[in-house]
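Read off the chains here:
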Amino acid sequence: MEITRKNFLIGIGGMGALSLALAACGGSPDTSSSGTGKVDGTGKTLTVLFSTKSQYPEEQKAWFAKTAEDFKTLTGATLQWETFASANDEMTRIQTSVVSGTGPDVYGLGTTFTPTAYSTGAFVKMGDAEWNKVGGKDKFVPATLGISGPDANNQIGIPFVSRPFVMAYNTEMLKAAGIDKPATTWDEFSDHAKKMTKPGQYGLAIAYKDNFDPWKFIWGMSIQGGNPIIDGKKVRIDDPTVLAAYDAYFGWLTKDKAVDPASVGWGNAQALAAFAAGKAGYFPMTSPLSIPTLDKSPMKGKYQYALLPMVPPGQTARPSGGVEAASILSGDNLVVADYSPNKDLAFAFIKMITDTAAQANYYKIFGEIPTNVEAAKSLKSDPLVAPALDAASKSVATPFSGAWGDVQLALTNIAVQTIPDLSAGSVSESALSGRIKTAQSTAQAALDRAK
Amino acid sequence: MTSEIAGNTLRDEATRPAGGPPAPQNKKRKGVTERDRPLWLLAPGGLLIAVIILIPLVLALYMSLIDLDQYTLRKWLTTPFIGVENFVEALTKTDLLRSIWISVSFAVVSTIVTVPLGVAAAVVTQNPYRGRAIVRAVFLIPYVLPSFVVATVWRTMLQPDGIVNSVLHNVGIDPGLWLNGPMSYWTLILVEIWAAWPFIYLLALAGLQSVDHEVHEAAAIDGALWWRKLREVIFPYLKGPVSLAFLLGTLNHINNFTLPFVLFGAPAPADVNVLPILVYVTSFQSFRFGLSAAMAVVSLILIAIPLFIYLRAVKLDVSDDGGKK
């Protein structure tokens, strides 16, 4: 025992290594395709790794069971579901599977995680034959393919659902403040926020402490100003567009005083709760996934979604080179493991769950926007969801680089380290510039390593 | 057959000392006898240690010398060997040394506070009284609660608009931020103390149980009052268990990942960027497995040195026999 305790520090590295080693001992199965035409999977088992839906555990269980049943009817194969709770769990699964050559046949990946998965080289690249097996590339909303691979000929991700970001707004609060339509520029957004702020209510609900929201704001405002952050072999976090983005983002609290000061401790769920309680006019960086929460709150019938502003801070129109980006390209992709001996079965499964009826059904249960063209089209008649569909078509993929994870981390870290200043009520430009400089150098180092 | 072997064994045991080889050889013979013990019976334990400790340690050492990241993970056996580059990077380009300092100082402070608390709690529940069982059970609550739960509850309470700040506002105090900024370091210590003191309490209680009844009686007959009895009679008994608790407690604090991770999230605020979080972020958010392995190895070495000195000083690693050797 004593030695164990002495060795505790190698915990993460060591145990990781152990699992790699043990997994490596497992050997790798033969990779084979099971013929042509209709896939016969009798006696075979297809393993699929999906993220858990903590919001809808029962519904997900039922969907898993129903899908497995349908798949059995279709191919005769057994469908085995495995789940992960966080991106880190998922990465651990991918690591062990990649090294050992065994594990799930199909993975459901967050879109921004797709470049990292691609960089491991462990997933099937989609050629024409593969696309045909899942029903053709044309059946997907073109924008959703934007983060399937570095270019059209090197794609691994098959779009499954789309989760475009929009902002929710309190229709009554906007009306009371004399605002006839939601903001379309970030400056206007800030003005509206100030107008709506009065005792007991704030113009905005912002999740400053969220581990993902901050970088989405910064990236969005930057690319609208023409800076994609990763520009070829150069990271551009030290660009003036990024500083302007942080200035605007922190300024809503420090300068406009339009955000609840408690929001320096909020994650996205807490900001949503504040909006649902009718305490904020705008709740940016949400998706139609918030419909169930809002419909159960006093806000039912009093909110709408709108596109996030698409003109960068300090500007009245997008500068030349600025991109009309409503949202990061967000959602889930499906990838097939290169080591899988059941590739045809995997494609048959993906075809099944990306077909029109299945996608429409998935939207009904979970509120996730279909990537299937037909299924998405049929939602356009719903005025509540229409802005999200619009946002999906105006989503822009984050740079397809293995270094993106580090860039994202560096951008978030700036927000995390600025929270004490935010809480104190002012963010000095020198402190912010220092943090930006650090972020630039760590992100550039990560990009330099990218292969 | 069986009896014959048994007989032989017995005869061997009986005759050897009497057989009387010369003195110098006697010492050697003793060694041989020790080797003849059925040490192979330790094989299952040895195998377990190899699988759980030695192989991962060797792999971690190997990983720290190769350029293992998301790009090379798939072909990790042929990953380029880069010698000490990971170590140089860990020491010069990352927050490793700062993280080690934060981790060690936080752990030592936490232990220094929890030891008197734990010992006091053990002394308070040593003598029987009405309701003692309930007090003992209550004392164990922080220990049995999973770290995740403890951290989640504290995080909720310490939010800027949480219950702690509400109460403090009502009495006219503005405490500021608990979960970020310089105070987060003390928040981490506070929560760690809350969660960890029962561990010291348990070991101190075990130590107290080993004090002979006669010792209490003798102290009473000699007229020792409670403080003197505690200081000169009881505490010497506690030296061993409490030293052990001090050591294990400190290591547990340094090693605690869940508490800071759930309290502060990742990336962590700079003041609580403890070692496990740094290694975690390097491994699983930046995917620099080689670099994080090097960090782990450097930390292991840096912490093993004072640990070794401490172990020798308190002689926790040597039995009575071993001590005489």
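If you check an unreviewed UniProt entry, chain B appears there as Sugar ABC transporter permease from Arthrobacter silviterrae. Looking at chain B in UniProt, the text filed under Subcellular location (unreviewed entry) is "Cell membrane". Per UniProt, the comment on chain B under Sequence similarities (unreviewed entry) is "Belongs to the binding-protein-dependent transport system permease family."

Below, the discussion takes up the overall build of chain B. Of regular secondary structure, chain B possesses 15 helices and zero strands. Expressed as a percentage of the 325 residues in chain B, the buried residues total 42%. Counted over contacts in chain B with a minimum sequence separation of 6, partners at least 24 positions apart contribute 69%. Accessible surface for chain B amounts to roughly 18,000 Å². Of this, 68% is attributable to carbon and sulfur atoms.

As a further point, take the overall build of chain A. When helices and strands are tallied, chain A shows 18 helices and 14 strands. Relative to its full complement of 451 residues, chain A shows a buried share of 57%. In chain A, 76% of the contacts between residues at least 6 apart in sequence involve partners at least 24 apart.

Looking now at the packing of aromatic side chains. Residues and elements named next belong to chain A. Per the counting criterion, the structure on display carries 47 aromatic pairs over all chains. Note on Trp 81 and Phe 349: the rings are 5.8 Å apart at their centroids and 70 degrees apart in plane angle, and the pair reads as edge-to-face. Of the two residues, Trp 81 is situated in strand S2 (residues 78–84) and Phe 349 in helix H13 (residues 343–354); the sequence distance between them amounts to 268 residues. Each member of the pair, Trp 81 as well as Phe 349, carries the same accessibility label: buried. Each member of the aromatic cluster is reached from another via a ring pair, and the members are Phe 50, Tyr 56, Trp 63, Phe 64, Phe 71, Trp 81, Phe 160, Phe 349, Tyr 362 and Phe 366. Taking NZ or CZ as reference, Lys 53 lies 5.3 Å from the ring centre of Phe 366, over its face.

Here we take up the sheet that holds strand S9 (residues 280–286) of chain A. Residue and element names in this part refer to chain A. One open sheet holds the four strands; their spatial order is S6-S9-S5-S10, and the pairing between them is mixed. Lying at the two open borders of the sheet, with one neighbouring strand each, are strand S6 (202–204) and strand S10 (303–306). Averaged over all neighbouring strand pairs, the angle between strand axes comes to 20 degrees, with direction disregarded. Bridge count between strand S5 (residues 166–170) and S9: three bridges; the pairing is antiparallel. Within S9, the position partnered with Val 166 by the bridge is Thr 286.

Every contact between the two is made by 53 residues of chain B and, on the other side, 50 residues of chain A. Regarding the contact of chain B and chain A, the summed buried area is about 4,700 Å², with carbon and sulfur atoms giving 65% of it. Linking chain B with chain A are three salt bridges. Residue Asp 69 of chain B pairs with Arg 449 of chain A through a salt bridge whose shortest N-O separation is 2.5 Å. Secondary structure elements with two or more residues in the side of chain B that touches chain A: helix H3 (43–63), helix H11 (226–255), helix H13 (275–284) and helix H14 (289–314) of chain B. Looking at the side of chain B that touches chain A, its residues break down into 35 nonpolar, twelve polar and six charged.

With 26 residues, H14 of chain B should cover 38 Å at 1.5 Å per step; its first-to-last C-alpha distance of 36 Å lies within 8% of that length. At the C-terminal side of H14 of chain B, Lys 315 of chain B shows a positive phi close to 50 degrees.

This part is about the pairing of strand S3 (residues 106–110) of chain A. Residues and elements named next belong to chain A. The element S3 is extensively covered by neighbouring structure, given that four of its five residues are classed as buried. Bridge count between S3 and strand S12 (residues 331–336): five bridges; the pairing is antiparallel. Directly across from Gly 110, in S12, lies its bridge partner Asp 332.

Turning our eyes to something else, we now look at the UniProt feature "transmembrane region" (unreviewed entry) in chain B. Residue and element names in this part refer to chain B. In this numbering, the UniProt entry assigns the feature "transmembrane region" (unreviewed entry) to residues 39–63, 100–124, 133–154, 185–208, 237–255, 261–282 and 289–311. For residues 100–124, the helix share is 100%, the strand share is 0%, and the end-to-end C-alpha distance is 36 Å. Between the first and last C-alpha atoms of residues 261–282 the distance is 14 Å; the span itself is 55% helix and 0% strand.

Here the focus is the packing of helix H3 (residues 57–75) of chain A against helix H14 (residues 356–366) of chain A. All names here are of chain A. Interaxial distance between H3 and H14 falls to 10 Å at its minimum, and their mutual angle equals 160 degrees. On the basis of their axis angle, the class for H3 and H14 is roughly antiparallel. The handedness of the crossing between H3 and H14 comes out as right-handed. Along the contact surface, H3 presents Glu 59, Gln 60 and Trp 63, while H14 presents Asn 361, Tyr 362, Ile 365 and Phe 366. Each residue belonging to the contact of H3 with H14 can be placed in one class, and the counts come to four nonpolar, two polar and one charged.

Residues and elements named next belong to chain A. If you trace the six strands from one edge of the open sheet to the other, you get S2-S1-S3-S12-S4-S13, paired in mixed fashion. Where the open sheet ends on each side, the last strands, each with one partner, are S2 and strand S13 (369–370). Pairing geometry for strand S4 (residues 158–162) and S13, over two bridges, is antiparallel. For Ser 162, the partnering residue across the bridge sits in S13 and is Ile 369. In the packing of H13 onto the sheet, contacts are made with strand S1 (45–51), S2, S3, S4 and S12, and the angle to S12 comes to roughly 155 degrees.

Position of Thr 111 of chain B relative to the elements: it lies in helix H5 (residues 96–124). Apart from the residues lying within four places of it in its own chain, the contact partners of Thr 111 of chain B are Phe 246, Gly 249, Thr 250 and His 253 of chain B.

Residue and element names in this part refer to chain A. Of the strand pairs in this sheet, S1 and S2 are connected by seven bridges, and their pairing is parallel. Pairing of Val 48 across the sheet is with Trp 81, part of S2. With respect to chirality, the unit in which S1 leads through H3 into the neighbouring parallel S2 is right-handed.

All names here are of chain B. Chain-level pLDDT for chain B is 85 on average; 86% of the residues reach the 70-or-more range. pLDDT under 50 marks residues 1–25. Its contacts with residues more than four places away, or in other chains, come to five contacts. In the model, residues 317–325 has pLDDT below 50 throughout and makes five contacts with residues more than four positions away in sequence or in other chains.

The rules behind the values
- Residues numbered from 1 in each chain as written.
- Chains lettered and ligands numbered in written order.
- Predicted model: local features only at pLDDT ≥ 70, side-chain atom pairs only at ≥ 80, totals over all residues.
- Heavy atoms only, no water.
- UniProt positions renumbered as here; feature names shortened; annotations may be inferred.
- Helix = DSSP H or I, 4+ residues; strand = E, 2+ residues; numbered from the N terminus.
- Buried < 20%, exposed > 50% of the residue type's maximum accessible area, 1.4 Å probe, protein only.
- Contact = heavy atoms within 4.5 Å.
- Areas by Shrake-Rupley, 256 points an atom, 1.4 Å probe, with all protein chains shown as cover.
- Phe/Tyr/Trp six-rings, centres within 6.5 Å; stacked < 30°, edge-to-face > 60°.
- Lys NZ or Arg CZ within 6 Å of the ring centre and 35° of its normal.
- Pairing = 2+ DSSP bridges.
- Axes fitted to C-alpha atoms, helices over the stretch in contact; angles between N-to-C directions.
- Buried area = accessible area lost by both parts, 1.4 Å probe.
- Salt bridge = Lys/Arg side-chain N within 4 Å of Asp/Glu carboxyl O.
- Nonpolar A, V, L, I, M, F, W, Y, C, P; charged D, E, K, R; others polar.
- Expected span 1.5 Å × (residues − 1).
- Parallel < 35°, antiparallel > 145°, perpendicular 65-115°, else oblique.
- Left-handed = near helix turned anticlockwise from the far one by under 90°.
- Right-handed = clockwise from strand over helix to strand, strands pointing away.
- pLDDT = per-residue confidence, 0-100.

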